[in-house]
Amino acid sequence: MSNIKLDYQTSGISEKEIMRYKEKVARIHKQMHEKSTDEKKFLGWLDLPTNYDRKEFERIKKAANRIRKTSDVFVVIGIGGSYLGASAVIEALTHTFFNEIDRKKRKAPEIIFAGNNISSSYIHDILDYIQDKDISINVISKSGTTTEPAIAFRIFREVLETKYGIEEARKRIYVTTDAHRGALKSLSDNEGYESFVIPDNIGGRYSVLTAVGLLPIATAGIDIEKLMQGALLAQEKYSDSNLKYNECYKYAVIRNILYRLLKNTEILVNYEPKLHYFTEWWKQLFGESEGKEQKGIFPAGVDFTTDLHSMGQYIQEGRRNLFETVINIEKTKNDMKIKIDEDNVDGLNFLAGKTIDYINKKAMQGTIEAHVSGDVPNIVLNIEKLDAENIGGMIYFFEKACAMSGFILGINPFDQPGVEAYKKNMFRLLGKPGYDDE
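Residues numbered from 1 in each chain as written. Predicted model: local features only at pLDDT ≥ 70, side-chain atom pairs only at ≥ 80, totals over all residues. Heavy atoms only, no water.

Enquirer: Explanation requested: the sheet that holds strand 10 (residues 378–385) in the structure shown.
Expert: Taken in spatial order, the five strands make up an open sheet running 1-10-9-7-8, and their pairing is mixed. Each end of this open sheet is capped by a strand with a single partner; those strands are strand 1 (4–7) and strand 8 (298–303). Each adjacent strand pair in this sheet contributes to an overall mean axis angle of 20°, direction not counted. Sheet analysis places strand 1 next to strand 10, joined by four bridges and oriented antiparallel. Paired with Asp 7 across the two strands is Val 380, which belongs to strand 10. Running over the sheet, helix 16 (residues 388–409) touches strand 1, strand 7 (265–270), strand 9 (322–331) and strand 10 and is turned about 150° from strand 10. (Pairing = 2+ DSSP bridges. Helix = DSSP H or I, 4+ residues; strand = E, 2+ residues; numbered from the N terminus. Axes fitted to C-alpha atoms, helices over the stretch in contact; angles between N-to-C directions. Contact = heavy atoms within 4.5 Å.)

Right under this line is the structure:
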């Protein structure tokens, strides 16, 4: 069962301060849910755990089984929300060295992500690595013309057609795109690729629980039924418009209160390396949603205790515009005890008999105390354990909190007008028709 608990005792924000937002939150909640069926509002993720396409869901599972049987490597081509969510879930729920362990133990192809940069070295090294392996690819793009994935797809499509011939290549290319229009949709229809849908009413950074994320996640061998079950439990849990009983909305409110106290940088903290890419997904979710009109909390992330030896000094004594949200995994899957060493050269015998996870938890507790004493408020999100249900629940928690937080801030959390600025300049510099200097 998905079990997520918010602890804001170390945030410096009282229940009384939070409840001042009660009426505003109830009003926003009502507006969001009333407009959830309006495709132009990009709120389709709100009811997704109860309102997804079951037939496509079954096709995703069948395609994933087919890919696992026929491929040594599955190349997922996408950028931003088209790959970060899948990468986050796969990293969190598989072996730390998933791609390196024996194929028989992994029971799935290696998962490699491409189309998320324009580095020739990165693409070259993937091509060099996969040349003697059986591969399938999944290209994810609403339009099919986004530069980074379009370049990668052009290259990897040619590789497949050269390696297998056009007919066999068609069986190894999976497309996730718009249901009705766009360059990639047209190509997919013409070539007969198996295709999956990016819903019109769900933006990229909210799309991890659609085919965008589910096909790569299922191919990695993760139970997507349990992932959706966790999201469903969260949907039910956070459906209450009453701020008093909705921890998801409390998190959104606390962020905004801290923002008004000039705490304008939020650091998502984990003490589990498997959550590194979850942080990357979170950074896009909040950064692209809230960073508008010269407003918004800047989302950053650290992996502790590792980054305590690099960023710890700044967090403790640098500019006081910071607050932290800590993800605490209460129960670890694998643990081990420290043994006695007769020589005790390292002086660590005082830890003998204690588990590594216990030590990690004390490091977390000590760090929170230190940072709070240094005027860095902390919010703690307690997760029972790292499994598919809890990850599904955490995804929904942050998605809904992000939407609420954006509306409290007074911006539209579902557009991203600033993203187009660099593209226009890049196309002009590359000489793309229609982007000439004026």
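Enquirer: Whenever I open this one, a negative patch on the surface confuses me. Can you help?
Expert: On the surface, a cluster of negative charge is made up of Asp 341, Glu 342, Asp 343 and Asp 346. Relative to the assigned elements, Asp 343 resides in the loop between strand 9 and helix 15 (356–373). With a relative accessible area of 64%, Asp 343 lands in the exposed category. (Patch = residues over 30% accessible without salt bridge, like charges linked within 9 Å, V, L, I, M, F, W, Y side chains within 5 Å. Areas by Shrake-Rupley, 256 points an atom, 1.4 Å probe, with all protein chains shown as cover. Salt bridge = Lys/Arg side-chain N within 4 Å of Asp/Glu carboxyl O. Lys, Arg positive; Asp, Glu negative; His and termini not counted. Charge placed at Lys NZ, Arg CZ, Asp CG, Glu CD. Buried < 20%, exposed > 50% of the residue type's maximum accessible area, 1.4 Å probe, protein only.)

Enquirer: Teacher, can you tell me more about the pattern of salt bridges here?
Expert: Pairing is possible between side chains that carry opposite charge, provided their charged atoms lie close to one another. Applying the stated criterion across every chain, the model contains 26 salt bridges. A salt bridge links Glu 384 to Lys 331; its shortest N-O distance comes to 3.7 Å. Here Glu 384, found in strand 10, pairs with Lys 331, found in strand 9; they are 53 residues apart in sequence, far enough to count as distant. Here Lys 385 and Asp 387 are joined by a salt bridge, their closest N and O atoms 4.0 Å apart.

Enquirer: Which parts of the structure should I look at to understand the packing of helix 13 (residues 276–290) against helix 16?
Expert: Packed helices, taken two at a time, are described by their axes: the angle between them and the distance between them. At a minimum axis separation of 9 Å, helix 13 and helix 16 run at an interaxial angle of 20°. With respect to helix 16, the element helix 13 is oriented roughly parallel. Considering how the two elements wind past one another, helix 13 and helix 16 form a crossing that is right-handed. Along the contact surface, helix 13 presents Phe 278, Trp 281, Trp 282, Leu 285, Phe 286, Ser 289 and Glu 290, while helix 16 presents Ile 391, Met 394, Ile 395, Phe 398, Glu 399, Ala 401, Cys 402, Ser 405, Gly 406 and Leu 409. The residue makeup of the contact of helix 13 with helix 16, split by class, is 12 nonpolar, three polar and two charged. (Parallel < 35°, antiparallel > 145°, perpendicular 65-115°, else oblique. Left-handed = near helix turned anticlockwise from the far one by under 90°. Nonpolar A, V, L, I, M, F, W, Y, C, P; charged D, E, K, R; others polar.)

Enquirer: Please explain the pairing of strand 4 (residues 135–140) as it appears in this structure.
Expert: Within a regular beta strand, the side chains point alternately toward one face of the sheet and then the other, so they alternate between its two faces. In terms of burial, strand 4 is largely enclosed, as six of its six residues are buried. Here strand 4 shows a buried face lined by Ile 135, Ile 137 and Val 139 and a second buried face lined by Ser 136, Asn 138 and Ile 140. As defined by bridge partners, strand 2 (residues 73–77) adjoins strand 4 across five bridges and the pair is classed as parallel. Paired with Val 76 across the strands is Asn 138, a residue of strand 4. Taken together, the four bridges between strand 4 and strand 5 (residues 173–177) define a ladder with parallel strand orientation. Bridging across to strand 5, Ile 140 finds its partner in Thr 176.

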